[in-house]
Amino acid sequence: MTPGQRKSSYTLYLASIGSDHSLNSSRVKEWLASHAAWGFCGHFKDALDDPDYDLKSILCNEHTRKTVLRVPVDIEDAIWKGREVVDDDKFGRLVQRGDRVQFLLNAWITPAASEVERQERSKQQDIQMLHQAFTSPFVGPGLTWLDEALNTYQAMYDQSVHYGKAISILQSSGMGKSRAVAELAKTRYLLSICFRDIKNPEYDPKKGWPPHDTHACRFFCEDAKSFKPKFKGEELAAAFLGALMEVVGEQLSGDTPISPEDFSKIWKVEVPDGSKVSNRELCFEKVRNAAKSKLKLKAVELEANRKGEGELKTGWFGSIYTTLMKEPAKKLVELCGNAPFIIAIDECVELNLGRISMEPQEDISLPALHRMVKACDEYNIWYIFMDTNSGVQYVLPRTGELASSFRLVKAFSPLPAFPYFAFDVMADKAQKPSTPHGALDLAYLKHFGRPVSVFILHTWRVLTKEIVQYWSTLPDHDVLRAAKLKLIGAENFDVRATSQVFAILSSRLLLELGITEAANRLAMTAVGRHMRILTGVTSAEEIMNTCAPSEPMLAIAAASLLVASPSSYKAAINLLVKELILKGLVLERGRQGELLARILLMMARDFAISPDPKTTEARSFVSANHVTTVTLDKFLTALLGDKLGVTHKPKSLHHGLLRWATKHKLNFTHFLQVNDNIHELTPEFLEYCWNRGIALTCAYNQPLFDILIVTYHGDLTQIERSKFGLLVIQVKLRIEAADRGL
């Protein structure tokens with residue numbers, strides 16, 4: 001066989017083998033039929049003729065295979081490399097069958113990997129998928145918004161008013177915070193440091209991407225505790241930032257100017273596989289060592305500044321800055337010219353390693369880092385603080401009386417938080433369904449919503465792994481399960497958990513939170529763990545303004561969780577009313593009971609799925625990856641009863657209305673608030689509402705009607721826009737409560 005032929009056959013081998021390295025039988029036949037296989041064929045024939053012939057010892061000897069049998073490289077690797085022979089009985093039976101192809105395919109097996117090996121292999125696969133998703137092409141306007149916001153922040157910054165050149169990016173999971181910042185580094189001088197899972201020395205892909213920067217984490221977790229005497233958190237922060245600026249300054253001070261994109265390549269995040277040390281890791285190791293050297297070199301000076309009442313004086317922060325940061329900061333901004341240098345702190349709340357206090361502590365904390373950021377006001381160095389699982393008070397610098405203590409000249413205000421990221425960025429890429437039935441397909445509906453990173457888990461054990469950038473890239477059979485896990489933050493729905501019940505119902509009912517302390521705590525949890533979106537922050541009161549946007553996959557997931565258990569459904573509604581609405585955590589907007597109307601309509605839609613609305617059996621909101629529709633007659637019966645709530649009219653009228661309603665279907669999964677009065681409804685708009693699965697809650701002063709639900713009359717596999725219709729609902733409070741038997 002010539003080298004060209006061997007290369008060709010090896011290519012064929014790569015295309016034909018499976019994950020267990022077994023060869024396609026046609027390739028084996030091809031080799032056995034060639035003159036090159038004469039050695040093997042002869043030995044195989046001898047084994048059949050002579051029971052005492054030791055074919056196994058010949059084949060298990062690598063030297064014999066290569067020199068006597070002349071086995072090609074592709075056959076050699078696929079059959080024997082990393083594999084072991086079957087037991088003697090099975091080996092003998094395979095020989096006696098006389099089928100050389102089946103013998104070669106089945107006489108050697110891949111040994112079962114140990115549990116440790118399987119876990120490590122699974123971990124590396126997870127890491128590869130995370131990295132691939134993170135580096136895929138960026139989609140949507142989020143990057144442009146962030147870039148323009150930086151210019152706005154720079155223009156509005158007032159050193160006498162604001163608490164440091166720090167921008168806090170707060171947003172729900174899966175909105176693309178880290179991804180947008182990584183993309184921004186291609187056009188601006190920016191370096192991101194990740195403190196994800198800071199105390200864990202090993203990176204765990206279950207925690208998300210990008211991975212933590214090991215040397216940065218170890219400096220604050222290990223090195224900081226080894227110093228005798230220990231340094232204050234502000235000194236640790238200043239030493240690390242000063243060392244970072246020194247290392248970056250060295251990289252930018254070469255004879256050839258370095259563009260932001262080329263600089264970002266120096267610090268590029270690479271896949272941590274343990275086989276080699278990345279350049280980024282080497283850079284952070286250099287920063288870590290330089291920070292330790294700074295502290296040891298300046299220990300006496302730093303201690304002198306802390307003696308007596310020194311640390312409580314306004315000048316203490318300035319002295320730390322002057323000692324550890326000022327010179328490298330000055331050099332860095334000179335190298336960047338007019339452009340700002342940006343340091344992004346990803347998973348910043350992880351830095352709160354000790355007790356959170358406004359007084360200086362020996363452990364690093366976010367308040368300590370904020371103080372040193374403010375101390376560096378004189379130079380054009382900006383900071384981005386990113387986090388999800390936290391409240392505003394942990395990320396934004398503290399203000400008010402605590403901040404205006406004797407340690408600071410006056411009370412400063414943080415810059416407004418940045419919560420603005422794109423939504424529905426993949427909606428335009430979805431092929432518009434050609435029929436009303438096509439709009440029920442999860443393969444279509446998953447294109448609406450947020451960029452999202454999904455890791456499907458069963459408790460702590462991976463069942464199915466799909467680490468993706470968008471709902472739309474999830475396989476159809478996995479997207480619903482992924483949506484459930486992201487929505488409730490757990491494998492199973494706990495109807496006693498207020499945060500889970502709120503997450504499920506708010507994704508469908510337009511629940512609005514109040515401004516109480518308890519409501520704000522619920523908002524923090526909802527944003528951090530349950531996919532609620534942050535729309536703004538009132539810094540002075542640290543109140544989070546949040547909403548549950550129109551996201552079909554989350555609404556469908558919520559509906560599926562509710563209808564799976566009628567008893568849990570009832571318990572969830574009871575908790576909503578008694579613990580959230582009556583206690584003021586959830587606002588009941590409107591004078592006519594619009595929220596209660598939405599609850600009733602949602603329940604009627606869900607219970608109408610079953611032929612018997614009163615059944616106590618589980619229902620299925622999704623069937624064959626399609627949302628289950630309900631007919632209008634079933635919906636009205638579930639909502640109003642068999643007599644439609646009217647007892648003094650002839651039965652023929654009830655029956656006639658219900659017969660007419662059997663031809664109309666509805667499919668809404670959640671409600672959408674309309675902010676302006678509706679003056680015209682086009683068939684195209686009705687089709688859009690049907691396709692997205694939304695029912696409309698009208699503006700407060702909308703005349704005549706309050707809620708609109710789209711229906712379709714006819715065969716769902718055929719589309720005629722004229723057959724889209726509306727169920728028009730006007731909400732009014734009764735003077736007296738309705739009879740419970742209604």
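It should be noted that the structure appears before, not after, this text.
Conventions used here
Residues numbered from 1 in each chain as written. Predicted model: local features only at pLDDT ≥ 70, side-chain atom pairs only at ≥ 80, totals over all residues. Heavy atoms only, no water. Helix = DSSP H or I, 4+ residues; strand = E, 2+ residues; numbered from the N terminus. Salt bridge = Lys/Arg side-chain N within 4 Å of Asp/Glu carboxyl O. Buried < 20%, exposed > 50% of the residue type's maximum accessible area, 1.4 Å probe, protein only. Core = buried A, V, L, I, M, F, W, Y, C linked by side-chain atoms within 4.5 Å. Contact = heavy atoms within 4.5 Å. Pairing = 2+ DSSP bridges. Axes fitted to C-alpha atoms, helices over the stretch in contact; angles between N-to-C directions. Parallel < 35°, antiparallel > 145°, perpendicular 65-115°, else oblique. Nonpolar A, V, L, I, M, F, W, Y, C, P; charged D, E, K, R; others polar. Expected span 1.5 Å × (residues − 1).

Kindly report on unusual backbone geometry, identifying the contributing residues and their values.
Of note, the bond from Trp209 into Pro210 is cis; its omega dihedral lies within 30 degrees of zero at 5°. Here Pro210 is to be found in the loop between strand E4 (190–194) and helix H12 (214–226). Following Lys228, the chain continues to Pro229 via a peptide bond in cis, the omega torsion being -10°. With respect to the helices and strands, Pro229 occurs in the loop between H12 and helix H13 (233–252). Positioned with a positive phi, Leu510 is a non-glycine residue whose angle comes to about 60°. Inspection of the secondary structure puts Leu510 in the loop between helix H23 (498–509) and strand E9 (512–513). The phi angle at Ala624 is positive, at roughly 55°, despite the residue not being glycine. By the element assignment, Ala624 lies in the loop between strand E13 (622–623) and strand E14 (626–627).

Give me the lowdown on the pattern of salt bridges, citing residues and values where you can.
Between side chains of opposite charge, a pair can form when the charged atoms approach closely. Evaluated as defined, the whole model comprises 22 salt bridges. Residue Arg306 pairs with Glu235 through a salt bridge whose shortest N-O separation is 2.6 Å. You can see Arg306 sitting in helix H16 (residues 299–306) and its partner Glu235 sitting in helix H13, a full 71 residues away along the chain. Neither Arg306 nor Glu235 differs from the other in exposure class; each is buried. Arg508 is the salt-bridge partner of Asp606, the closest N and O atoms lying 2.7 Å from each other. Within this pair, whereas Asp606 is found in helix H27 (residues 594–607), its partner Arg508 is found in helix H23, the two being separated by 98 residues in sequence. Of the two residues, Asp606 and Arg508, neither departs from the other in class, the shared state being buried. Each member of the salt-bridge network shares a partner with another, and the members are Arg179, Glu183 and Lys186.

Outline the nonpolar core, supporting the account with residue identities and numerical values.
Counting residues in each nonpolar core, the largest one holds 93 residues, and the members touching the most others are Leu442, Ile504, Leu505, Ile556, Phe635 and Ile709. Residue contributions to this core peak at nine residues, all from helix H25 (residues 552–563). Excluding anything up to four places from it in sequence, Ile504 contacts Leu487, Ile488, Phe493, Ala558, Leu561 and Leu562. If you look at the next biggest cluster of nonpolar residues, it comprises 62 residues, including Ala224, Phe263, Met325 and Phe341.

Provide a residue-level description of the environment of His162, including the pertinent values.
Within the secondary structure, His162 is located in the loop between helix H10 (142–156) and strand E3 (166–170). Separated by 212 residues in the primary sequence, His162 and Lys374 have C-alpha atoms spaced 8.6 Å apart. In contact with His162, other than residues within four places in its own chain, are Met156, Tyr157, Lys374, Phe412, Ser413, Pro414 and Leu415.

So, the pairing of strand E6 (residues 381–387): which residues are in play, and what are the values?
With seven of seven residues buried, E6 is to be regarded as a mostly interior element. With five bridges connecting them, E3 and E6 associate as parallel partners. Following the sheet pairing, Ser168 is matched in E6 by Phe385. One ladder, built from six bridges, connects strand E5 (residues 341–346) with E6; its direction is parallel. Bridge pairing links Phe341 to Ile381 in E6.

Explain the packing of helix H26 (residues 566–581) against H27 to me, using residue names and the numbers behind them.
It is at 12 Å that the axes of H26 and H27 come closest, and there the two elements cross at 175°. Classed by the angle they form, the pair H26 and H27 counts as roughly antiparallel. Residues Tyr569, Ile573, Leu576 and Ile581 of H26 lie in contact with H27, whose contacting residues are Leu595, Ile599, Met602, Met603, Asp606 and Phe607. Classifying every residue of the contact of H26 with H27 by side-chain character gives nine nonpolar, no polar and one charged.

Could you give an account of H26, with specific residues and numbers?
Spanning 16 residues, H26 covers 21 Å between terminal C-alpha atoms, matching the ideal 22 Å at 1.5 Å per step. All buried positions along H26 are accounted for by Pro566, Ser568, Tyr569, Ala572, Ile573, Leu575, Leu576, Leu580 and Ile581. Against H23, helix H24 (517–529), H25, strand E12 (586–587) and H27 lie the buried residues of H26.

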